[in-house]
Amino acid sequence: MSLGEKLLDLFFPPKCPFCQRILEDPRAPLCPPCRTRLPWLEGKAGERTIDFADGCFSPLAYRDGVPEAVRRYKFSRVQALGRPLGRLMAHCLEDRLPEGADLLCWAPLSKKRLRERGFDQAELLAREMGRLLAIPAEPILEKIQHTAPQSGLEEGSARRANARGAYALRSGADLRGKRVVLVDDVVTSGSTLSECAGLLRMGGAAQVWCLTLARARGDR
Ligand SMILES: [Zn+2]
């Protein structure tokens, strides 16, 4: 553990992201009771299809204690909350893609939303995963349009229209022949992920996999 991490643990003792108990094992992503009670998705239940992607994996269903943990992380200024969630996702990636990946990226926030929030939660999850798995995490995509939050839109078609054209590949992104993993916190309709996966394909990615912490309704 680096000095920075030790200091972080001192000021923000790692808590279970789902129930807020202080973790006895500070390197564990969650506490033992939550490991038992959370809505884990095993096998096919944790997979879904996303247009332009080879597959999409999520370790958890978006219910029970999960939505609250995601909200707490998203709207808290304590970025350290993302570390155990990133660790959980890193375990999922190792599990689902034992061959690993060449690159991690994320569906970024708009500049406006980034200013409001102070940090990009998907970026932090990707960076934590990259650190743990020794895979580069890079800002490959950018949000070029400020859109309404997807969470305010019910219909899949409204979400697709809202996501269309909202993202772009950053100039200089070289994805040729790479296995790319696109990271986000929650997948609902999948329209943001498919929009981004299509761009990664156009950028030359050989494979595009999506990985989200949780999977909400809107499943296919
Ligand atoms: Zn817990």
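Every value quoted in this text rests on a predicted model; they were computed, and no experiment measured them. (Residues numbered from 1 in each chain as written. Predicted model: local features only at pLDDT ≥ 70, side-chain atom pairs only at ≥ 80, totals over all residues.)

1. Focus on the nonpolar core
Turning to step 1, where the next piece is worked out: In this structure, Met89, Val180, Leu182, Val183, Leu193 and Cys210 are the most contacted members of the largest nonpolar core, which totals 57 residues.
Turning to step 2, where the next piece is worked out: Breaking this core down by element, the ones donating at least two residues are strand S2 (55-57), helix H3 (66-75), helix H4 (82-96), strand S4 (103-106), helix H6 (121-133), strand S7 (179-187), helix H8 (191-202) and strand S8 (207-215).
Turning to step 3, where the next piece is worked out: In this view, Leu182 contacts Cys105, Trp106, Ala107, Leu193, Cys196, Ala197, Leu200, Val208 and Cys210; residues no more than four positions away in its chain are not counted. (Core = buried A, V, L, I, M, F, W, Y, C linked by C-beta atoms within 7 Å. Buried ≥ 20, exposed ≤ 12 C-beta atoms within 10 Å, placed from the backbone. Helix = DSSP H or I, 4+ residues; strand = E, 2+ residues; numbered from the N terminus. Contact = placed C-beta atoms within 7 Å.)

2. Structural notes on the pairing of S4
Turning to step 1, where the next piece is worked out: A two-sided burial pattern is seen for S4, the buried positions comprising Leu103 and Cys105 on one face and Leu104 and Trp106 on the other.
Turning to step 2, where the next piece is worked out: One ladder, built from 4 bridges, connects S4 with S7; its direction is parallel. Within the sheet, the bridge partner assigned to Trp106 lies in S7 and is Val183. (Pairing = 2+ DSSP bridges.)

3. Comments concerning H3
Turning to step 1, where the next piece is worked out: Within H3 the residues assigned to the buried category are Val66, Ala69, Val70 and Tyr73. Projected onto a plane normal to the axis of H3, the buried residues spread over an arc of 100° and lie on a single side. Exposed residues pointing more than 90 degrees away from the buried face of H3 are listed as Arg71 and Phe75.
Turning to step 2, where the next piece is worked out: Against strand S3 (60-61), H4, H6, S7 and S8 lie the buried residues of H3. (Arc of directions from axis to C-beta.)

4. Side note on H6
One full turn of an α-helix is made of 3.6 residues, so residues set three or four places apart face in the same direction.
Turning to step 1, where the next piece is worked out: The end-to-end C-alpha distance of H6, which contains 13 residues, comes to 18 Å, matching closely the 18 Å that a straight helix rising 1.5 Å per residue would cover.
Turning to step 2, where the next piece is worked out: The buried fraction of H6 amounts to 10 of the 13 residues, a majority that puts the element mostly inside the structure.
Turning to step 3, where the next piece is worked out: Backbone geometry just downstream of H6 places Ala134 in the positive-phi region, at approximately 55°. (Expected span 1.5 Å × (residues − 1).)

5. Describing the packing of H4 against H6
Turning to step 1, where the next piece is worked out: For the pair H4 and H6, the least separation of the axes is 8 Å and the interaxial angle reads 60°. Regarding the angle of H4 to H6, the classification is oblique. Handedness of the crossing formed by H4 with H6: right-handed. Between H4 and H6, the residues in contact are Gly82, Arg83, Leu85, Gly86, Arg87, Met89, Ala90, Leu93 and Glu94 and Gln121, Leu124, Leu125, Glu128, Met129, Leu132 and Leu133, respectively.
Turning to step 2, where the next piece is worked out: Taken together, the residues that form the contact of H4 with H6 break down as 9 nonpolar, 3 polar and 4 charged. (Axes fitted to C-alpha atoms, helices over the stretch in contact; angles between N-to-C directions. Parallel < 35°, antiparallel > 145°, perpendicular 65-115°, else oblique. Left-handed = near helix turned anticlockwise from the far one by under 90°. Nonpolar A, V, L, I, M, F, W, Y, C, P; charged D, E, K, R; others polar.)

6. Thoughts on the environment of Pro84
Turning to step 1, where the next piece is worked out: Mapped onto the elements of the fold, Pro84 is located in helix H4.
Turning to step 2, where the next piece is worked out: Sequence-wise, Pro84 and Met129 are 45 residues apart; in three dimensions their C-alpha atoms are separated by 9.9 Å.
Turning to step 3, where the next piece is worked out: Filtering out sequence-adjacent residues up to four positions away, Pro84 remains in contact with Pro14, Pro17, Pro29 and Leu30.

7. Quick notes on unusual backbone geometry
Turning to step 1, where the next piece is worked out: We note that Gln20 has phi near 75°; this positive angle belongs to a residue other than glycine.
Turning to step 2, where the next piece is worked out: The residue Gln20 is located in the loop between helix H1 (3-11) and helix H2 (32-37) in this model.

The values are spatial; any link to function lies outside them.
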